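Chain residues, written in single-letter form:
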Amino acid sequence: MTKSKLSTFFLLLFVLIMLPPHLFGQNSINVIIPKPQKNFPGKGKFLLAKQTRYFSNTDLSQNAIAYLQKHLKQNAKYLLRKVKVSKNKGIHFYYNPEKIKKSEGYRLHIEKEKIMIEARDKAGFFYAVVSLMQLMDPSIWEQSVSDRVKKSWSIPSCTIEDHPRFKWRGMMLDASRNFFSTEYVKKFIDRMAQHKLNRFHWHLTDDEGWRIEIKQYPLLTKTGARRGPGTKLPFSTYPAMRGPKNKVQSGYYTQDEIREIVVYAKARSIEILPEIDMPGHAKAAIVSYPKLLQDTKDKGHYRSVQKVSNNTINPGMESSYIFLENVISEVSGLFPFAYIHLGGDEVPKGAWKKSPAVHKLMKKEGLKNAKEVQNYFFARLDNILAKKKRKMVAWEEVMQGKTRLRQSDMIMAWKSQKAGIKIAKQRRNVIMAPVQYLYFDQQYIRSKKEPGHTWSTPVSTQKTYAFKPGNSSYIRGVQACLWSETLLNEKIADYLAWPRILALSEVAWTGQKKRKWKEFQKRASKEGLERLKVQGIHYRDVVPVR
Ligand code: ACM
């Protein structure tokens, strides 16, 4: 070959490499997060436009259709019309339990003239639509009103067969240490749904604030939802970490707001797990109702690991159980989910040591030590939950000593993965939330410039992605936690959550063998972040800073 022929050859080769893949009949379909179990490219593309019609043979597709319509209305300024008779065109929603065997699973088949969506439940239809929307231009996710209207949406042909690895795919938001508005909570839930997460764990009470209206105990929010100068909460609970010293911080959710958020989450296939943290982490409740929750004859003094003094509900007093039963009664009336989280974490050493009421209880019940007292407390609370037809979720500390919880209850392992595996070996249901991988309150990397906590190791997005939950059938799922001590505003919350939630979603949804960091990193850095960007999410870049 002459020199000029050789350079023409290389020029041609370069042009071929640079051409977009759909020109070869292969579509760019590798954009979905979490990665589907199976995804086959097709030929050509479907053009969604005002004339597109949809057909459905089931009410189970309603939420999914409403979600697609909401985004089309916002970003295309039209709604798709429904047709009563199935034609060989448009978008078809088919209830097909014979073909789709797994709950929350779906099949999404896209060809030039037709999109076929098959599922067996509401979640399956919803996730099919989420995948469909991720295949569209990212502007479909825009949330704010804009003049830019896109009329037609090109969707690459492909066939996706998908279902989740875990039934429990959770994300926790702590609304106690810093309060988040209902608008932000809704955004948080919506963004979870976009990534097929389905359990919103709402940490509603802690030392620093009680954030849920309880009609029978109005002081919980009147007194317990306010911290700062002039409030009843002690200085150890304020100022907010890295926040101003002289500012009162307050906020709570009314029962009407909560009901609205429950409906909002349900429409996105998300169950809400409310947490009422007890018997520790309860300073806000205790300052509101000291006589009901603390033994006046207890002259002991102790501090929690967070340095909050005497923050533990007394398990020797009947008034504690009456109070908690009344609270749980209202909580179970608000949240339809089968589980309620009752905390159980970090009861300070020395709590109750000098309480005559606890000594009396120990004698009466034959309880030998603080662990046994705690197990007695949770056995009683479990009875209350059983009466309300609810199961308990609790942090791993409730497994100390001989637990008396029901077999159907769920334990959250947070101290380490090893702790979670040990619980699974004891044949207890466990959700994996180990701090080293899934605490998103921690810094991404150790640096003074980075927001976030430093009490554990840094948690990079790559570290989260590397988490292997384990294979025991007692491991029911995974969850990440966004504790809010350092979350002074929504921007910091967003930054710590994203893109780590992208990695979490894949850990929770995608089969272990299908996950490869390098490939995820590319997808997350491009399409993953693009979808966050159009929503105005203040994310951190995926690529780890060296
Ligand atoms: C916890 O981090 N105290 C559950």
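Visitor: So what exactly am I meant to see when it comes to helix α9 (residues 318-334) here?
Guide: Quick reminder: α-helices carry 3.6 residues per turn. Residues three or four places apart thus point the same way. Under the 1.5 Å per step criterion, the end-to-end length of α9 is 25 Å for 17 residues, consistent within 8% with the ideal 24 Å. Within α9, burial applies to S320, Y321, F323, L324, V327, I328, E330, V331, S332 and L334.

Visitor: Sorry if this is basic, but what is going on with unusual backbone geometry here?
Guide: Among all residues except glycine, the phi angle is most often negative; among peptide bonds, the trans geometry is most common. That bond from M278 to P279 is cis: its omega, -15°, falls within 30 degrees of zero. With respect to the secondary-structure elements, P279 resides in the loop between β14 (271-278) and α7 (283-288). The peptide bond linking W498 to P499 adopts the cis configuration, its omega dihedral lying at 10°. Relative to the helices and strands, P499 is located in the loop between α15 (490-497) and α16 (500-509). For K77, which is not glycine, the phi torsion reads 65° and is therefore positive. Within the secondary structure, K77 sits in the loop between α2 (62-75) and β3 (81-82).

Visitor: Just checking my understanding: could you explain the pairing of strand β15 (residues 339-343) for this structure?
Guide: On a regular strand, one side chain projects to one face of the sheet and the next to the other, so that they alternate. Among the five residues that make up β15, five are buried, leaving the element largely enclosed by the rest of the structure. For β14 and β15, the ladder comprises two bridges, and the chain directions are parallel. Each residue of the ladder has a partner; that of E275, found in β15, is H341. The sheet contact formed by β15 and strand β16 (residues 391-395) spans three bridges and is parallel. Looking at β16, one finds that I340 is bridged to M392.

Visitor: Explanation requested: the sheet that holds strand β4 (residues 90-95) in the structure shown.
Guide: The strands making up a sheet associate through backbone hydrogen bonding, with each pair oriented either parallel or antiparallel. Pairing is mixed in the open sheet, where seven strands are placed in the order β1-β7-β5-β6-β4-β2-β3. Edge positions in the sheet fall to β1 (38-48) and β3, since each has one partner strand and no second. As paired elements, β4 and strand β6 (residues 114-119) share six bridges and run parallel to each other. Within the sheet, the bridge partner assigned to H92 lies in β6 and is M116.

Visitor: Sorry, what's going on with the side chain of E104 here?
Guide: Along the chain, E104 turns up in the loop between β4 and β5 (106-110). When sequence neighbours within four positions are dropped, the list of residues in contact with E104 reads D121, A123, G124, Y127, P164, K167, R169, N198 and W509.

Visitor: How do you make sense of the environment of V185 when you look at a structure like this?
Guide: Relative to the helices and strands, V185 is located in helix α4 (residues 182-194). You can call V185 buried: its relative accessible area is 0%. Along the sequence, V185 and L482 sit 297 residues apart, while their C-alpha atoms lie 12 Å from each other. Look past the residues within four positions of V185 in its chain and what remains in contact with it is L173, F180, F200, W202, Y253 and I261.

Visitor: Sorry, what's going on with the sheet that holds β14 here?
Guide: Taken together, the eight strands give a closed barrel; going around it, the order is β8-β9-β14-β15-β16-β17-β18-β19, and neighbouring strands pair in parallel fashion. Along the sheet, successive strands turn relative to each other by an average axial angle of 30°, direction set aside. Sheet topology places strand β8 (residues 168-174) next to strand β19 (residues 475-482); six bridges connect them, and they run parallel. Each bridged residue has a counterpart across the sheet, and for M171 the counterpart in β19 is A480. Of the strands in this sheet, β9 (199-203) and β14 are in contact with helix α6 (residues 255-266), which crosses β14 at around 135°.

Visitor: I keep staring at the environment of P315 and nothing clicks. Help me out?
Guide: Looking at where P315 falls in the secondary structure, it is placed in the loop between α8 (290-293) and α9. Residues P315 and Q134 lie 181 residues apart in sequence; the distance between their C-alpha atoms is 50 Å. The residues contacting P315, other than those within four sequence positions of it, are Y321, W352, V358, L361, V373, Y376 and F377.

Visitor: I'm lost on the confidence of the model for the protein chain in this one. Help?
Guide: The predicted structure's coordinates, where accompanied by low pLDDT, should not be read in detail. On average, residues of the protein chain score 94 in pLDDT, and 94% of them are at 70 or above. Every residue in residues 19-26 scores below 50 in pLDDT, and together they form seven contacts with partners more than four places removed in sequence or on other chains.

Visitor: Can you walk me through the pattern of salt bridges in this structure?
Guide: Oppositely charged side chains can form a pair if their charged atoms are brought close together. With the rule as written, the count across this model stands at 26 salt bridges. The shortest N-O distance in the salt bridge between E527 and K526 comes to 4.0 Å. Owing to a relative accessible area of 46%, K526 belongs among the partly exposed residues under this scheme. A cluster of three or more residues bridged by salt bridges with shared partners is formed by D174, R177, D206, E208 and E485.

Rules and cut-offs
- Residues numbered from 1 in each chain as written.
- Predicted model: local features only at pLDDT ≥ 70, side-chain atom pairs only at ≥ 80, totals over all residues.
- Heavy atoms only, no water.
- Helix = DSSP H or I, 4+ residues; strand = E, 2+ residues; numbered from the N terminus.
- Expected span 1.5 Å × (residues − 1).
- Buried < 20%, exposed > 50% of the residue type's maximum accessible area, 1.4 Å probe, protein only.
- Pairing = 2+ DSSP bridges.
- Contact = heavy atoms within 4.5 Å.
- Axes fitted to C-alpha atoms, helices over the stretch in contact; angles between N-to-C directions.
- pLDDT = per-residue confidence, 0-100.
- Salt bridge = Lys/Arg side-chain N within 4 Å of Asp/Glu carboxyl O.

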